[in-house]
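Spelled out, the chains give:
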Amino acid sequence: MSLRVISGKLDIQSRSISCNLQDGKAVIPCTIAIEVLRDLADHSMLNWSTDVQAFGLLIPELERLANIKYRLGRIEENGDLVLGTVDLLRYGFSRPRKAESNPAAPGWRIAAE
């Protein structure tokens, strides 16, 4: 089964966004470096103005990267998955599916609220 971003809380920090991924039963915390998010959004030439908006548009690409890293067993000692800039070099860029083809975007709450 593949990892998918699940609805819930986004923890937005100055250097990262954290969310939860699920592979059916297990929930895996995932932290994405802001640089990764912005590099992916710029590479894909998406029309975005906030990091949260870019996150929503890039869910398929973030899931692709997380799945590759997870299948290779490249998780932190505590079980978390961290997507950093080196992961873009290791696993490459690809063009995310158009946002319109995504099923309804999951709802999430911002941790600062």
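Residues numbered from 1 in each chain as written. Predicted model: local features only at pLDDT ≥ 70, side-chain atom pairs only at ≥ 80, totals over all residues. Heavy atoms only, no water.

Student: Even after reading the chapter, I still don't get the overall build of the protein, so can you show me in this structure?
Tutor: A count of helices and strands for the protein gives 4 helices and 6 strands. When the helices and strands of the protein are listed from N to C terminus, the series reads β-β-β-β-α-α-α-β-α-β. Counting only residues that meet the buried cut, the protein has 37% of its 113 residues in that class. Sequence-distant contacts, at least 24 apart, represent 49% of the contacts inside the protein between residues at least 6 apart. Looking at the protein as shown, the accessible area adds up to about 6,700 Å², and 51% of this sits on carbon and sulfur atoms. (Helix = DSSP H or I, 4+ residues; strand = E, 2+ residues; numbered from the N terminus. Buried < 20%, exposed > 50% of the residue type's maximum accessible area, 1.4 Å probe, protein only. Contact = heavy atoms within 4.5 Å. Areas by Shrake-Rupley, 256 points an atom, 1.4 Å probe, with all protein chains shown as cover.)

Student: What am I meant to see in the pairing of strand S4 (residues 27-33) here?
Tutor: As judged from the 7 bridges shared by strand S3 (residues 16-22) and S4, these two strands associate in the antiparallel manner. Counted as the bridge partner of Ser18 is Thr31 from S4. Taken together, S3 and the strand that follows it, S4, pair antiparallel across an intervening segment of 4 residues, in which Gly24 is found at a positive phi of about 110°. Where S4 and strand S5 (residues 81-83) come together, 3 bridges link them in parallel fashion. Along S5, the bridge assignment pairs Cys30 with Leu81. (Pairing = 2+ DSSP bridges.)

Student: Even after reading the chapter, I still don't get the nonpolar core, so can you show me in this structure?
Tutor: The nonpolar side chains of a soluble globular protein tend to be buried, and buried together. In terms of nonpolar packing, the biggest core is built from 26 residues, with Cys19, Leu21, Ile32, Phe55 and Leu62 touching the most fellow members. Among the secondary structure elements, those contributing two or more residues to this core are S3, S4, helix H1 (34-43), helix H2 (51-57), helix H3 (59-71), S5 and helix H4 (85-91). Considering every element that reaches this core, the biggest residue donor is H1, with 5 residues. Setting aside residues no more than four positions away along its own chain, Leu21 makes contact with Leu3, Arg4, Val5, Ala26, Val27, Ile28, Cys30, Ala66 and Leu81. (Core = buried A, V, L, I, M, F, W, Y, C linked by side-chain atoms within 4.5 Å.)

Student: Help me out: how do you make sense of the pattern of salt bridges in this one?
Tutor: Close approach of charged atoms allows side chains of opposite charge to pair. Within this structure, the stated rule accounts for 5 salt bridges. A salt bridge links Glu61 to Arg64, with the nearest nitrogen and oxygen atoms 2.9 Å apart. Placement of both Glu61 and Arg64 in helix H3 is noted, with a separation of 3 residues, approximately one turn of the helix. Residue Arg64 is classed as partly exposed on the basis of its relative accessible area, which comes to 24%. Several salt bridges converge on common partners, so that one network encompasses Lys69, Asp87 and Arg90. (Salt bridge = Lys/Arg side-chain N within 4 Å of Asp/Glu carboxyl O.)

Remember that the coordinates give geometry; whether it matters functionally is a separate question.
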